[in-house]
Amino acid sequence: MEKKPKLVVVVGSVREGRFGPVVASWVAEQAAVHGAFDVDVVDLAEYDVPLELPAASPKYAGDAYPRPAGMAPLTSALAAADAFVVVTPEYNHSYPASLKAAIDWHFTQWQAKPVAFVGYGGASGGRHAMLHLENVLTELHAVSMRERLAFPNYFTAWQDGRPLDPESAGYAKTLLDQLAWWALALRAARDTAPYPG
């Protein structure tokens, strides 16, 4: 039996009073019900992710990249992933600095892996943040899913840890179906030959 791909659900906000863990927990639950993945939730608030970066880029330094010791568990979790769901709020029409820092400290960990986005916020539901993330992760040779989930006005659209829209689970399934297909396809490709990055 083929091993299930590892899905890492990333909680992108570290802000006080954040809603991200609620959304990430629901996404992880949907992924568990979906059944195609081995699911892990990675909360950036639990790791040491400095905003200051060394002069060398992880793109060129590879495994020799000088990351802080406290970041090692995060790096390992990202490296072990076959797919990602990035859960992001929208702050001032974009995503949080904590998420950008975590992305910038890594390179091969995102490379040739599929990424789906789940956003939440005010009227836009995180759509601006997700579009910006798509551009950034494309630069790192990740594959962004077309389907994404947006939760506008999350402060009135959720209750008891769940979205009130009854169609949300169906949208999540569609997103996870695509993510599972890409996760298996890209894992097979990575196993067959090194990615020409």
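This text follows the structure it describes.
What you are looking at is a predicted structure, and each value in this text was computed from that prediction instead of being measured. (Residues numbered from 1 in each chain as written. Predicted model: local features only at pLDDT ≥ 70, side-chain atom pairs only at ≥ 80, totals over all residues. Heavy atoms only, no water.)

**What to know about the pattern of salt bridges**
In total, this model carries 10 salt bridges according to the counting rule given. Here aspartate 43 and arginine 18 are joined by a salt bridge, their closest N and O atoms 2.8 Å apart. Highlighted residues: aspartate 43 in strand S2 (residues 38-43) and arginine 18 in the loop between strand S1 (6-11) and helix H1 (20-34), separated in sequence by 25 residues. Its relative accessible area of 25% is what places arginine 18 among the partly exposed residues. Between glutamate 29 and arginine 162 there is a salt bridge; the shortest N-O distance is 2.8 Å. (Salt bridge = Lys/Arg side-chain N within 4 Å of Asp/Glu carboxyl O. Helix = DSSP H or I, 4+ residues; strand = E, 2+ residues; numbered from the N terminus. Buried < 20%, exposed > 50% of the residue type's maximum accessible area, 1.4 Å probe, protein only.)

**Here's the deal with the packing of aromatic side chains**
Counted under the stated rule, the structure contains 11 aromatic pairs. With a centroid separation of 5.0 Å and 70° between ring planes, the pair formed by phenylalanine 151 and tryptophan 158 is classed as edge-to-face. Just as phenylalanine 151 is buried, tryptophan 158 falls in that class too. Following the ring pairs from residue to residue traces out a cluster consisting of Phe19, Trp26, Tyr120, Phe151, Tyr154, Phe155 and Trp158. We note arginine 15 situated over the ring of tyrosine 91; from NZ or CZ to the ring centre the distance is 4.6 Å. (Phe/Tyr/Trp six-rings, centres within 6.5 Å; stacked < 30°, edge-to-face > 60°. Lys NZ or Arg CZ within 6 Å of the ring centre and 35° of its normal.)

**With respect to the nonpolar core**
Ranked by internal contacts, the top residues of the largest apolar core, which has 30 residues, are Leu74, Phe84, Leu99, Ile103 and Leu137. Secondary structure elements with two or more residues in this core: S1, helix H3 (72-80), strand S3 (83-89), helix H4 (97-104), strand S4 (114-120) and helix H5 (127-139). No other element matches the five residues that H5 contributes to this core. Core analysis: the next-biggest nonpolar cluster, separate from the first, contains 26 residues, Phe19, Val85, Ala180 and Ala183 among them. (Core = buried A, V, L, I, M, F, W, Y, C linked by side-chain atoms within 4.5 Å.)

**Some words on the environment of alanine 129**
Tracing the backbone shows alanine 129 in helix H5. On a C-alpha basis, the gap between alanine 129 and glutamine 30 in space is 22 Å, while along the polypeptide they are 99 residues apart. With near-sequence residues (within four places) excluded, alanine 129 lies in contact with Thr88, Pro89, Glu90, His93, Ser94 and Tyr95. (Contact = heavy atoms within 4.5 Å.)

**Description of the packing of H4 against H5**
Where H4 contacts H5, the axes come no closer than 11 Å and their chain directions differ by 10°. Taken together, H4 and H5 sit at an angle that is classed as roughly parallel. Where H4 abuts H5, its residues Leu99, Lys100 and Ile103 lie against Leu133, Val136 and Leu137. Partitioning the contact of H4 with H5 into residue classes produces five nonpolar, no polar and one charged. (Axes fitted to C-alpha atoms, helices over the stretch in contact; angles between N-to-C directions. Parallel < 35°, antiparallel > 145°, perpendicular 65-115°, else oblique. Nonpolar A, V, L, I, M, F, W, Y, C, P; charged D, E, K, R; others polar.)

**Examining the side chain of serine 94**
Considering the arrangement of structural elements, one finds serine 94 in the loop between S3 and H4. Take serine 94: its relative accessible area is 18%, and that puts it in the buried class. At a separation of 2.8 Å, a polar atom in the side chain of serine 94 contacts the side chain of histidine 132. Filtering out sequence-adjacent residues up to four positions away, serine 94 remains in contact with Pro89, Ala129 and His132. (Polar contact = N/O pair within 3.5 Å; in protein donor to acceptor, adjacent residues only side chain to side chain.)

**Some points on the pairing of S4**
When you tally the buried positions in S4, you get seven out of seven residues, the bulk of the element. The alternating pattern of S4 places Pro114, Ala116, Val118 and Tyr120 on one face and Val115, Phe117 and Gly119 on the opposite face, and all of these are buried. Of the pairings in the sheet, the one linking S3 to S4 comprises six bridges and is parallel in character. In the strand pairing of S4, valine 86 is matched with phenylalanine 117. Once you follow S3 into H4 and on to S4, the crossover reads as right-handed. In this structure, S4 lies alongside strand S5 (residues 143-144), joined through two bridges in parallel fashion. Each residue of the ladder has a partner; that of proline 114, found in S5, is valine 143. Note: S4 against strand S6 (residues 149-151), three bridges, orientation parallel. Residue valine 118 lies in a different strand from S6, and its bridge partner there is leucine 149. (Pairing = 2+ DSSP bridges. Right-handed = clockwise from strand over helix to strand, strands pointing away.)

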